[in-house]
Amino acid sequence: MRDPAPTTIHLKDYAPFGWCIEHVDLTFDLHPTATRVHARIAFRPNPATQDRTFFLHGENLKLIRAAIDGQDITPDLVEGGLTCPVPDAPFTWEAEVEIDPASNTALEGLYMSNGMYCTQCEAEGFRKITFYPDRPDVMAVFTVRINAPRDSVPELLSNGNGEKFGADLTTDPKTHYAIWHDPWPKPAYLFALVAGDLVSHDDSFTTMSGRHVKLAIWVRPGDEDKCAFAMEALKKSMAWDEKVYGREYDLDEFNIVAVDDFNMGAMENKGLNIFNSSAVLASPETATDMNFERIESIVAHEYFHNWTGNRITCRDWFQLCLKEGLTVFRDSQFTADLRSAPVKRISDVIDLRARQFPEDQGPLSHPVRPESFQEINNFYTATVYEKGAELIGMLKRLVGDDAYAKALDLYFTRHDGQACTIEDWLKVFEDVTGRDLTQFKRWYSQAGTPRLKVDETWEDGTYTLTFTQSLKPGPTTPDPQPQVIPINVGLLNPNGDEVVPTTMLEMTEATQSFRFEGLAARPVPSILRDFSAPMILDRDTTSAERAFLLAHDTDPFNRWEAGRSLARATLTQMATSDAAPDPAYLDGILAVLRDDSLDPAYRALMLGQPGQSDLAASIAETGVTPDPMRIWTASETLKEALADHCRDVLPGLYAGAKVQGPYRPDAHQSGLRALGNAVLGLLTRLDGGAQAATQYALADNMTLQLAALGALLTAGSGEDELDAFYSQWQHERLVIDKWFMLQVAHAEPKKAAAIAEALTRHPDFTWKNPNRFRAVFGALAMNHAGFHAASGAGYALMADWLIRLDAVNPQTTARMCSAFQSWTRYDADRRGLIRAALGRIMAKDGLSRDTHEMISRILAAGEPS
């Protein structure tokens, strides 16, 4: 049996629910296999519509009793929920259902994680808890009572403020209860409940109006020593949101819970954030600098949702980018303020190009605001999140900082307590600025990555830049129209002086020219500074010009971009025509390494290369079929050449990057370690791993230890260190995720699938845990040449395990399917192997809606047009 035939839901068909909810009272009698949920819900007619259809969503629920205004009824149980006649007047609905948390391996609704009760309700998980209008535009005040055995489930948490706790001595002295009340109306997807054996790391925060807020991070016993950094990140987030956006926290309590089994990074449930353990637990011994920064960012992201997502939510799931794009932009601002703005911007663009650009250019392409979907879980994508954030950044550039701040104030004032749309969002900017944003709105409705072609002329002291924008037509955007593009441009004189500082050019036409007059010499342009729009820049440049910008550009992003462009160009030539490494690239990077005035973290980024999947896409765009093995070989050859070219400066750089004093995961120390570890990677190619072995032996933090182990594995050694690492950390589940990941990520391409397969037979490969599954198969997908090995072993292994996982966790399965999204750019043999693997997944009996939609879309890319 398959899941029911997928139904396509369209934005144009939106209609409000016929009923509003005044209040929701829920009572949970917790039991691992037979939890009872009692719901009492006060409905009233919605004046916004005359449609009084009464349909409540519900899945995997055993209905025990239903009543309206105290009178028992027998509703009609239909696919996806229930319906029944109701009065055309206010009424109270009651229902009692039974659910089985222990068997809920999909990790949606109420489920068990190592004995802990936990919920995940976004997007449509609440319907697995009780019958309810499970849609984001239905907002209500919730009061929740939780009853559970005192000894086995000592802590009982839900949204809002804890109002009453005690023992129910009249019925069962072994049972205790907690009552939580959230005074702020919220949609059901923000409901949360956690119960189990937990301990808390406590603190407090006083808001700008004087409200005293109790803060707690709840974890399993034994993890309480890994909470301090997340707590500090939370307090910094609260203070930053007050200072920058004027947003104050609005409850008396803020709780975070760390959960091992969680499909996402974290969830912003009102007052009770639930986090994947990997996104909250950290100590210097068990977490890397990147882990710490990720925790800081995710804590901020989920906290910022309190206003951009909770107090103001989205009307329907097509508006998901409204809350997520804005909140991603806000958490990026936060990290840039706390750490390094240039490093953060470059890191965001690396991530955008690695994750979102391939999505935009492949079969999974969709607009930032989709027009339709079958399974909403499949649209928690880089397009919605990261590209959605880029749109916020562009809008801010176009209107200016002051107007942006005024528009946000108006947005919060006008729409507090509402479920909103992109139209509501853009309207506040129009009202503040007087601008017509109709054309800008196309960024939300047109799918794909635009290209910006550049032509230039020079005559009599006047330099003219002519831009042509284009967007490839696709299924969702058959006739793309010109978009508003903020293009940040600077001009440099031939001696390297900046003659025109960063200037924003606002492009609105398909082709548009901009003139710069009164120049003494033909300038060198620096275009799309700070990556002012998420586009692909098409401009014929020479190696010499790229090297010039690498040496002289005053914009940190474009200086990095010049180095990245040099690397991409030489790697493309090496992978397609066996060219030698470009001396201009080697000399340029050597000059950067010698420049001690540059931020160490920035220099570390300069040493990075374009991703191999990114190179494959660039090669395919030229009409050449990319060969994953040739790309890997080119990448390895260039690293060897760079190591040799810089051999005289590497030892001094490595020594200078050593941190003196106790470990701190701040920007300064993290930058030094990033540079030292990047240099270590090059040194390993010169000394065979001698320095890496020393670093591993002496490492007193996970950042140094893991980097050393990775360098050793890349060098083809490190077996003893790998065994020692496992022995040292076998009881730290998050560290063992790293152990699994590292072996696949650093595997030689021809061995990658075999190593991954062997790891799936390891006793610690708890494949039902999303973190552990992604540690192996996410790493395999990211090992470009390994996953795309000519034998097809990577494809077959991935398909085998996705088939197995789908029956247990459709959401994680569907997201892992994106590993196949770029399959049509490879050679016929690889395409045949991938098609066979995808066909096996599609043929699985009982394939989930989630996975069916993803595989169908991916396969459709290979159909004749």
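Use the structure listed above.
Residues numbered from 1 in each chain as written. Predicted model: local features only at pLDDT ≥ 70, side-chain atom pairs only at ≥ 80, totals over all residues. Heavy atoms only, no water.

Another point: the overall build of the protein chain. A count of helices and strands for the protein chain gives 27 helices and 31 strands. Rg of the C-alpha trace for the protein chain: 28 Å, near the compact-globule value of 29 Å for 865 residues, within the 12% margin. Projected onto the principal axes, the alpha-carbon positions of the protein chain cover approximately 85 × 65 × 60 Å. Taken over 865 residues, the protein chain has a buried fraction of 58%. Across the protein chain, contacts joining residues at least 24 apart in sequence account for 71% of those joining residues at least 6 apart. Per element, the accessible surface of the protein chain, about 32,800 Å² overall, is 51% carbon and sulfur. (Helix = DSSP H or I, 4+ residues; strand = E, 2+ residues; numbered from the N terminus. Rg over C-alpha atoms; globule rule 2.2 N^0.38 Å. Buried < 20%, exposed > 50% of the residue type's maximum accessible area, 1.4 Å probe, protein only. Contact = heavy atoms within 4.5 Å. Areas by Shrake-Rupley, 256 points an atom, 1.4 Å probe, with all protein chains shown as cover.)

With 272 residues, the main nonpolar core has Trp93, Trp425 and Phe467 as its most contacted residues. Counting residues per element, this core draws most heavily on helix H5 (residues 382-399), at nine residues. (Core = buried A, V, L, I, M, F, W, Y, C linked by side-chain atoms within 4.5 Å.)

The next thing to look at is helix H2 (residues 289-304). Here H2 spans 23 Å end to end across 16 residues, near enough to the 22 Å set by a 1.5 Å rise per residue. Along H2, 13 of the 16 residues are buried, which leaves the element largely enclosed by surrounding structure. (Expected span 1.5 Å × (residues − 1).)

Bridge count for strand S5 (residues 62-68) against strand S9 (residues 91-99) is six bridges, and the pairing is antiparallel. Pairing of lysine 62 across the sheet is with glutamate 98, part of S9. Two elements, S5 and strand S6 (residues 71-72), share two bridges in a ladder whose sense is antiparallel. Bridge pairing links alanine 67 to aspartate 72 in S6. (Pairing = 2+ DSSP bridges.)

Each strand in a sheet pairs with its neighbour through backbone hydrogen bonds, running either in the same direction (parallel) or in the opposite one (antiparallel). Spatially, S10-S11-S16-S13 is the arrangement adopted by the four strands of the open sheet, whose pairing is antiparallel. The open sheet has two free edges, formed respectively by strand S10 (109-113) and strand S13 (155-158), since each of these has just one partner strand. Sheet twist, expressed as the mean angle between neighbouring strand axes with direction ignored, is 20 degrees. As paired elements, strand S11 (residues 116-120) and strand S16 (residues 193-196) share two bridges and run antiparallel to each other. Note that in S16 the partner of tyrosine 117 across the bridge is alanine 195. (Axes fitted to C-alpha atoms, helices over the stretch in contact; angles between N-to-C directions.)

It is worth spelling out the environment of phenylalanine 191 at this point. Its place among the elements puts phenylalanine 191 in the loop between strand S15 (175-186) and S16. As a C-alpha pair, phenylalanine 191 and asparagine 159 span 32 residues in sequence and 6.7 Å in three-dimensional space.

Next up on the list: the sheet that holds strand S29 (residues 511-516). With respect to topology, four strands assemble into an open sheet ordered S29-S26-S25-S31, the strand pairing being mixed. Two strands in the sheet have a free side with no partner beyond their single neighbour: S29 and strand S31 (536-538). Strand after strand, the sheet turns through a mean of 25 degrees between neighbouring axes, direction not considered. As judged from the six bridges shared by strand S26 (residues 462-470) and S29, these two strands associate in the antiparallel manner. Its bridge partner lying in S29, threonine 464 is registered against arginine 515.

Across seven bridges, strand S27 (residues 485-492) lies against strand S28 (residues 498-507) in antiparallel orientation. For leucine 492, the partnering residue across the bridge sits in S28 and is glutamate 498. In textbook terms, the turn of a hairpin is the stretch between consecutive antiparallel strands, and for S27 and S28 this stretch comprises five residues, one of which, glycine 496, has a positive phi near 100 degrees.

Moving on to the pattern of salt bridges. Evaluated as defined, the whole model comprises 68 salt bridges. Among the ionic pairs, arginine 127 bridges to aspartate 134, the shortest N-O distance being 3.0 Å. Given the relative accessible area of 3%, aspartate 134 is considered buried. Put simply, aspartate 223 and arginine 733 hold a salt bridge, and the shortest N to O gap is 2.5 Å. Linking aspartate 223 in the loop between strand S18 (212-219) and helix H1 (228-245) with arginine 733 in helix H20 (residues 733-745), this pair joins segments that are 510 residues apart in sequence. Taking relative accessible area as the criterion, arginine 733 reaches 27% and is therefore assigned partly exposed. Where salt bridges share partners, they join Arg220, Asp223, Asp225, Lys226, Asp260, Glu732 and Arg733 into one cluster. (Salt bridge = Lys/Arg side-chain N within 4 Å of Asp/Glu carboxyl O.)

On to the side chain of arginine 311, then. Its location among the elements puts arginine 311 in the loop between H2 and strand S22 (313-314). Judged by relative accessible area, arginine 311 falls into the buried class, the value being 9%. A polar atom in the side chain of arginine 311 sits 2.6 Å from the side chain of aspartate 250. Those residues within four positions of arginine 311 in sequence are excluded, and the remaining contacts are Trp184, Asp250, Lys270, Asn306, His415, Asp416, Gly417 and Gln418. (Polar contact = N/O pair within 3.5 Å; in protein donor to acceptor, adjacent residues only side chain to side chain.)

If you trace the backbone, serine 297 turns up in helix H2. Side chain to side chain, serine 297 and aspartate 331 meet in a polar contact 3.2 Å long. Those residues in contact with serine 297, other than ones at most four positions away along the chain, are Asp331 and Thr335.

Another aspect to go through is unusual backbone geometry. Here the residue pair glutamate 122 and alanine 123 is connected by a cis peptide bond, since its omega of 5 degrees sits within 30 degrees of zero. By the secondary structure assignment, alanine 123 is in the loop between S11 and strand S12 (140-149). Notably, leucine 107 is not glycine yet its phi reads approximately 60 degrees, a positive angle. With respect to the element layout, leucine 107 can be found in the loop between S9 and S10.

The next point concerns helix H17 (residues 690-698). Those residues of H17 not exposed but buried are Ala692, Gln695 and Tyr696. Viewed along the axis of H17, the buried residues span an arc of 100 degrees, placing them on a single side of the element. Counted as exposed and oriented over 90 degrees from the buried face of H17: Ala697 and Leu698. (Arc of directions from axis to C-beta.)

Tallied over the entire structure, the rule returns 50 aromatic pairs. Where tyrosine 189 meets tryptophan 317, the ring centres are 4.9 Å apart and the plane angle is 65 degrees; that geometry is what we call edge-to-face. You can see tyrosine 189 sitting in the loop between S15 and S16 and its partner tryptophan 317 sitting in the loop between S22 and helix H3 (320-338), a full 128 residues away along the chain. Considered together, tyrosine 189 and tryptophan 317 belong to a single accessibility category, that of buried residues. (Phe/Tyr/Trp six-rings, centres within 6.5 Å; stacked < 30°, edge-to-face > 60°.)

The next thing to look at is the environment of alanine 837. The topology assignment puts alanine 837 in helix H26 (residues 828-842). Residue class for alanine 837 comes out buried when judged on its relative accessible area of 3%.

In the contact formed by H3 and H5, the axes pass within 7 Å of each other and the chain directions differ by 70 degrees. Classified by the interaxial angle, the pair formed by H3 and H5 is roughly perpendicular. Touching Leu320, Cys321, Glu324, Gly325, Leu326, Val328, Phe329 and Gln333 of H3 are Val384, Tyr385, Gly388, Ala389, Ile392, Gly393 and Lys396, all from H5. (Parallel < 35°, antiparallel > 145°, perpendicular 65-115°, else oblique.)

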